[in-house]
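An overview of the molecular structure
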Amino acid sequence: MNRRADRWASLYGAGPWHLLGLAACFVFAGYVVSRVVGAGIWMGFAAWFVGAVVLHDLVLWPLYSAGDSAVRSLSRPLARLGRARPDGRRPALVNHVRVPVGLACLLLLVWAPLILGGAEPNYRAAVGLSTSPYLARWLWVALVLAGVSGLLYALRRWAAGRNAARAARDASPRP
Amino acid sequence: MFGLVLLVGLVIVAVTGLLSYAAYEPRLPGNDMTPGKGLLGFYLFDWPTHPVWMYRVTQGTHVILGLTLVPVLLAKLWSVIPKLFDWPPVRSIAQAVERASLVLLVGGAVFQFATGILNIQLYYVFPFSFYPAHLYGAWIFLAALALHVAVRLPRAIRAVRSRSLRRELRTSLAGTRPEPPDPDGLVPADPAPPTMSRRGLLAFVGGGSVVMLGLSVGQTLDGPLRRTALLAPRGREYGTGPNDFQINKTAASLGVTAAEAGDGWRLTVAGVDRIQLSRDDLLAMPLHTYALPIACVEGWSTEQVWTGVRLADLARLVGIAPGTAAVTARSLQRVGYFGQASLSTGQVADPRSLLALRVNGADVSLDHGFPARVIVPNAPGVHNTKWVRELDFRREAR
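Attention shifts here to the overall build of chain B. Counting its secondary structure elements, chain B contains nine helices and ten strands. By the burial criterion, 51% of the 398 residues in chain B qualify as buried. For chain B, the share of sequence-separated contacts (at least 6 apart) that also reach a separation of at least 24 residues comes to 69%. Split by element, the accessible area of chain B, about 17200 Å² in all, is 64% carbon and sulfur. A gap of 8 Å separates the mean positions of the 38 positive and 27 negative side-chain charges of chain B.

What follows is the structure in structure tokens.
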């Protein structure tokens, strides 16, 4: 019995329950697909379903990874501006850029049809108003996020500077 | 961590979504938007008329919680994406089949979020009707999610237990150490120095959720907090008049003109008898006033004070005893979905179910359904048919 289980495991790579669960999942998904075919929308449905994976994994993710490395490489020299101070005593700038930019991009990603006006014709017909205020609203939100983040950075830098000055004073020999 | 948040959150989103399916009373004629659903749109109970705010809460939760989970989903996908580029791509049959099921999981998740988010912005770029696609997409995603949880939950719990949340919240960037190697090989062998602590990442993702929630939840609220819905499709202001609340679809967009809704309009009421009523006839009947919400499938809602004739009184007028008949309301609307909607026996019998003629003390405006519109407690917004031209009561076979 054990030998048979071992042979199965070495052949398949996991226990029999694993295969059973996967088979059930695919059978059920197959039934759902038959309903999609019945609704006469399978081509568009399949294109959007696979397109969703491709869009996230091969477009969106490379884009924000590239954006993140750009932020990282830019914020290092930027943080060195101002009074010279050893690196360890200076708070890192990178997350004070990364977080507000990331949040603003998240809002843009979700609400792009309103912010960029793609939904304007349908929206105006249905709601009776224009989508035009959304761009300014998003810019304001992005500005507030950047402002709060910048303020926090200034505070941290000021606090780090004060600590460094105190440490230097304590370390210097008394006259 | 993100996985467990998604597990709880997405189950709530899925259950509230399926409840919305039931709220459409799909067994009544013309109500089911997915007629070929087979076993997938099963129907368990008649949708109740109280509490009146239930659909407002469940559907608001479905949409707003979904929006709030967007950053968590993105973070979860970001944390596992190195496995996508695993080499060699397949190590065993088991792994190959499991990876295939991940197409259903990731595709389903992104598909559901994308179609829902585009739909609430009225950005209909997908080449299919939203209703069947979002229902069937949900079932494919749920099947893949159930499997994923069954296979991975023990490991997820072990991963969460391996770290104390309290200690992580006290660990700054300087104290952040790389993850020890794991059996899945997801942890990089030679990681770059960290630029963000684990608590920093949690704050970043949680901050994203707070921003999404804070800028959209206002469209489910009334009063001054509604103005906080800066980035949400339906938190808009029209003015300060009695009819200046959110319009779902304007009369013009559905081909309804002021002329046909004017003095020549007559309401046909059909039951045992068939009669025609003018707006003055309706105003001469006993009028009742209730504060009832309009709660849209798109997740926005607002409560207003409606005055009108009870549907039950109109049923009696054509020889139907309330509690014995369902009704189909037909609209002047020429184009688009929901030119008619059927209400259940229970909905007709509820004394708060009105054919509303006034709102907040004024005549309902053309965009809100003049000369008369249905308003039913706890029903999805689109079942409150506007510009009603006919009420067709039919006895239910028992």
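Still to come is the rest of the account.
Before going further, it helps to examine the packing of aromatic side chains. Geometry of an aromatic ring pair is reported as the spacing of the ring centres plus the angle between the planes. One pass over the full model with this rule turns up 22 aromatic pairs over all chains. Summarising the aromatic geometry, the rings of Phe49(A) and Phe111(B) are spaced 5.6 Å apart at their centres and angled 40 degrees between planes, so their arrangement reads as tilted. Of this pair, Phe49(A) sits in helix α3 (residues 42–79) while Phe111(B) is found in helix α3 (residues 93–120), placing the two residues in two different chains. Residue class for Phe49(A) comes out buried when judged on its relative accessible area of 7%. Taking the relative accessible area as the measure of exposure, Phe111(B) reaches 1% and is therefore buried. Relative to Phe338(B), the ring of Tyr24(B) has its centre 6.0 Å away and its plane inclined at 50 degrees; by these criteria the two rings are tilted. Highlighted residues: Tyr24(B) in the loop between α1 (2–23) and α2 (54–80) and Phe338(B) in the loop between β5 (325–331) and β6 (340–343), separated in sequence by 314 residues. Tyr24(B) sits in the buried class, given a relative accessible area of 5%. Through successive ring pairs, a cluster of aromatic residues spans Phe45(A), Trp48(A), Phe49(A), Tyr24(B), Phe111(B), Tyr124(B), Phe126(B), Phe128(B), Phe130(B), Tyr131(B), Tyr337(B) and Phe338(B).

All right, on to the environment of Ser69(A) then. Note on placement: Ser69(A) falls in helix α3. Residues Ser69(A) and Phe28(A), 41 residues apart in the sequence, show an inter-C-alpha distance of 42 Å.

A separate point is the sheet that holds strand β1 (residues 267–270) of chain B. Residues and elements named next belong to chain B. One open sheet accounts for five strands, arranged β2-β1-β10-β5-β6; its pairing is mixed. A single partner strand is all that each edge strand has here, and the edge strands are β2 (274–277) and β6. When strand polarity is set aside, the average angle formed by the axes of neighbouring strands in this sheet is 15 degrees. Of the strand pairs in this sheet, β5 and strand β10 (residues 388–395) are connected by seven bridges, and their pairing is antiparallel. Within the sheet, the bridge partner assigned to Ala325 lies in β10 and is Arg395.

Once that is clear, we can look at unusual backbone geometry. All names here are of chain B. Here the bond from His50 into Pro51 is cis, since omega is 0 degrees, no more than 30 degrees from zero. In this structure, Pro51 sits in the loop between α1 and α2. The omega torsion across Phe370 and Pro371 is 10 degrees, close enough to zero to call that bond cis. In this structure, Leu122 is a non-glycine residue whose phi angle is positive, near 60 degrees. Its location among the elements puts Leu122 in the loop between α3 and α4 (130–161). Taking relative accessible area as the criterion, Leu122 reaches 1% and is therefore assigned buried. Positive phi values are uncommon outside glycine, yet Asn360 reaches one of about 50 degrees. Take Asn360: it is sitting in the loop between β7 (354–359) and β8 (362–363).

Accessible area lost during the coming together of the parts is what is often quoted as the interface size. The partner chain A presents 60 residues to the 73 residues of chain B that form the contact. Contact between chain B and chain A buries roughly 5800 Å² in total, counting both sides, with carbon and sulfur atoms accounting for 79%. The tally of links between chain B and chain A comes to zero salt bridges. At the junction of chain B with chain A, the criterion picks out 20 residue pairs in polar contact (both at pLDDT 80 or more). Broken down by secondary-structure element, the contributors of at least two residues to the side of chain B that touches chain A are α2, α3, α4 and α6 (198–214) of chain B. The element best represented in the side of chain B that touches chain A is α3(B), accounting for 16 residues. Class assignment for the residues of the side of chain B that touches chain A results in 51 nonpolar, 16 polar and six charged.

What follows is about the nonpolar core. Ranked by size, the top nonpolar core spans 76 residues in total, and within it Phe45(A), Leu107(A), Trp111(A), Leu67(B) and Leu231(B) carry the most contacts. The residues contacting Trp111(A), other than those within four sequence positions of it, are Leu67(B), Ile120(B), Gln121(B), Met212(B), Ser216(B), Leu231(B), Ala232(B) and Pro233(B). By size, the runner-up hydrophobic cluster in this structure holds 32 residues, among which are Ala251(B), Ala261(B), Leu282(B) and Leu343(B).

According to the domain assignment, chain A consists of domain 1 (1–40) and domain 2 (52–171). For domain 1 of chain A versus domain 2 of chain A, the separation of C-alpha centres amounts to 44 Å.

Residue and element names in this part refer to chain B. As assigned here, chain B comprises domain 1 (2–214) and domain 2 (252–395). One C-alpha centre belongs to domain 1, the other to domain 2; they are set 38 Å apart. Facing the 29 residues of domain 1 at the interface are 30 residues of domain 2. Summing both sides of the interface, domain 1 and domain 2 together bury roughly 2200 Å²; the carbon and sulfur share of this comes to 56%. Three residues, Thr49, Val52 and Arg56, lead the burial of domain 1 against domain 2; their summed loss comes to 29% of the area buried on that side. In this structure, the connection of domain 1 to domain 2 is made through zero salt bridges.

Calculation rules
- Residues numbered from 1 in each chain as written.
- Chains lettered and ligands numbered in written order.
- Predicted model: local features only at pLDDT ≥ 70, side-chain atom pairs only at ≥ 80, totals over all residues.
- Heavy atoms only, no water.
- Helix = DSSP H or I, 4+ residues; strand = E, 2+ residues; numbered from the N terminus.
- Buried < 20%, exposed > 50% of the residue type's maximum accessible area, 1.4 Å probe, protein only.
- Contact = heavy atoms within 4.5 Å.
- Areas by Shrake-Rupley, 256 points an atom, 1.4 Å probe, with all protein chains shown as cover.
- Lys, Arg positive; Asp, Glu negative; His and termini not counted.
- Charge placed at Lys NZ, Arg CZ, Asp CG, Glu CD.
- Phe/Tyr/Trp six-rings, centres within 6.5 Å; stacked < 30°, edge-to-face > 60°.
- Pairing = 2+ DSSP bridges.
- Axes fitted to C-alpha atoms, helices over the stretch in contact; angles between N-to-C directions.
- Buried area = accessible area lost by both parts, 1.4 Å probe.
- Salt bridge = Lys/Arg side-chain N within 4 Å of Asp/Glu carboxyl O.
- Polar contact = N/O pair within 3.5 Å; in protein donor to acceptor, adjacent residues only side chain to side chain.
- Nonpolar A, V, L, I, M, F, W, Y, C, P; charged D, E, K, R; others polar.
- Core = buried A, V, L, I, M, F, W, Y, C linked by side-chain atoms within 4.5 Å.
- Domains from an automatic or database assignment.

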